[in-house]
Amino acid sequence: MKNVKGLTDNECTNSDRTKKFAVLEYLENVEPFPYKYHEYLYRPTVVSKTINLIFGFHHDQRSWSIDAIKVIDTTSNTDVILDGDFESNYLLKSYSKCILSNTRSSTSDILFDIPYSNDFYYNDQTLVGMSYLEQQLTITGGRYYNITFYLENRGFPTNSFLLMIAYWTFFFSL
């Protein structure tokens, strides 16, 4: 996997020095593809109570679309993400958004024209820099979480997509 340090260590992600990142997926300069199913299994440390699910988007030609996000606790079989299908049609109710300062322009919104399922989906076109869509999840440490979503690339390179988990490390001093 390409070195993604600049994508995980920047003004949008480094607000807390105890925060660490697990990069689950990084796509760069990929050809267009229709909605494609993505699945990842993640196990946080046993002392974890929260994690942040973070999607990063950059597309100079067209846009990325994402829909039907689920984060399933495999022990209780419950979904811990809020509004993973964007059906509330109100992005900032469940998610936070950050755009890097070197970004030329960013257009992102919940749309209804071509969802994967139901009525709405998230669409992002961020030129040159990157935008981040993030949600903090309450979890039970040590359990496995199945992260799934449908992602569509609506244009040719130059583009990149990032999926990562932010988690916290704690330092104790005597």
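Look a little higher up for the structure.
These lines cover the structure that appears in this document, whether it is placed above or below. (Residues numbered from 1 in each chain as written. Predicted model: local features only at pLDDT ≥ 70, side-chain atom pairs only at ≥ 80, totals over all residues. Heavy atoms only, no water.)

Digging into the overall build of the protein
Here comes step 1: In terms of regular secondary structure, the protein is built from two helices and 11 strands.
Here comes step 2: Here the C-alpha radius of gyration of the protein, 16 Å, is about what a compact globule of 174 residues would show, namely 16 Å.
Here comes step 3: Buried positions account for 49% of the 174 residues belonging to the protein.
Here comes step 4: For the protein, contacts bridging at least 24 residues in sequence account for 79% of all contacts bridging at least 6.
Here comes step 5: With 15 positive and 20 negative side-chain charges, the protein shows a separation of 8 Å between the mean positions of the two kinds. (Helix = DSSP H or I, 4+ residues; strand = E, 2+ residues; numbered from the N terminus. Rg over C-alpha atoms; globule rule 2.2 N^0.38 Å. Buried < 20%, exposed > 50% of the residue type's maximum accessible area, 1.4 Å probe, protein only. Contact = heavy atoms within 4.5 Å. Lys, Arg positive; Asp, Glu negative; His and termini not counted. Charge placed at Lys NZ, Arg CZ, Asp CG, Glu CD.)

So, the sheet that holds strand β6 (residues 96–99)
Backbone-to-backbone hydrogen bonds join strands into a sheet, with any given pair of strands oriented parallel or antiparallel.
Here comes step 1: Spatially, β1-β11-β3-β9-β6 is the arrangement adopted by the five strands of the open sheet, whose pairing is antiparallel. Strands at the two margins of the open sheet, each flanked by one partner only, are β1 (19–28) and β6. Going from strand to strand, the sheet's axes swing by 20° on average, the running direction of each strand aside.
Here comes step 2: Here four bridges tie β6 to strand β9 (residues 131–138), and the two strands are oriented antiparallel to one another. When the bridges of β9 are listed, Lys97 appears paired with Leu133. (Pairing = 2+ DSSP bridges. Axes fitted to C-alpha atoms, helices over the stretch in contact; angles between N-to-C directions.)

Observations regarding the packing of aromatic side chains
Here comes step 1: On inspection of all chains with the given rule, the structure shows 14 aromatic pairs.
Here comes step 2: Ring geometry for Tyr37 and Tyr150: centres 5.2 Å apart, planes at 55°, overall tilted. Pair noted here: Tyr37 is in strand β2 (residues 33–42) and Tyr150 is in strand β10 (residues 145–153), with a separation of 113 residues, a long-range link.
Here comes step 3: We classify Tyr37 as partly exposed; its relative accessible area is 41%.
Here comes step 4: Taking the centre distance of 5.4 Å and the plane angle of 85° together, the rings of Phe55 and Phe149 count as edge-to-face. (Phe/Tyr/Trp six-rings, centres within 6.5 Å; stacked < 30°, edge-to-face > 60°.)

Concerning unusual backbone geometry
Here comes step 1: The step from Pro157 to Thr158 runs through a cis peptide bond, and the omega angle for that step is 25°.
Here comes step 2: The phi torsion at Ala68 lies on the positive side, around 55°, for a residue other than glycine.
Here comes step 3: With respect to the secondary-structure elements, Ala68 resides in strand β4 (residues 64–73).
Here comes step 4: Judged by its relative accessible area of 13%, Ala68 falls in the buried class.
Here comes step 5: Non-glycine residue Asn77 carries a positive phi angle of around 55°.

Some thoughts on the nonpolar core
Here comes step 1: Counting residues in hydrophobic clusters, the biggest one holds 32 residues, and the most contacted among them are Leu53, Phe55, Phe86 and Phe149.
Here comes step 2: For this core, the secondary structure elements donating two or more residues are β1, β2, β3 (50–59), β4, β9, β10 and β11 (159–168).
Here comes step 3: Beyond its immediate chain neighbours, meaning those up to four positions away, Phe55 contacts Ile66, Ile69, Ser131, Tyr132, Leu133, Phe149, Phe161, Leu162 and Leu163.
Here comes step 4: Formed by 11 residues, the second largest nonpolar core is a distinct cluster that contains Cys12, Tyr26, Tyr132 and Leu162. (Core = buried A, V, L, I, M, F, W, Y, C linked by side-chain atoms within 4.5 Å.)

Considerations on the environment of Lys5
Here comes step 1: Inspection of the secondary structure assignment puts Lys5 in helix α1 (residues 5–8).
Here comes step 2: What makes Lys5 exposed here is its relative accessible area of 52%.
Here comes step 3: Counting along the chain gives 96 residues from Lys5 to Ser101, while the straight-line C-alpha distance between them is 17 Å.

In short, shape yes, function no, at least from these values alone.
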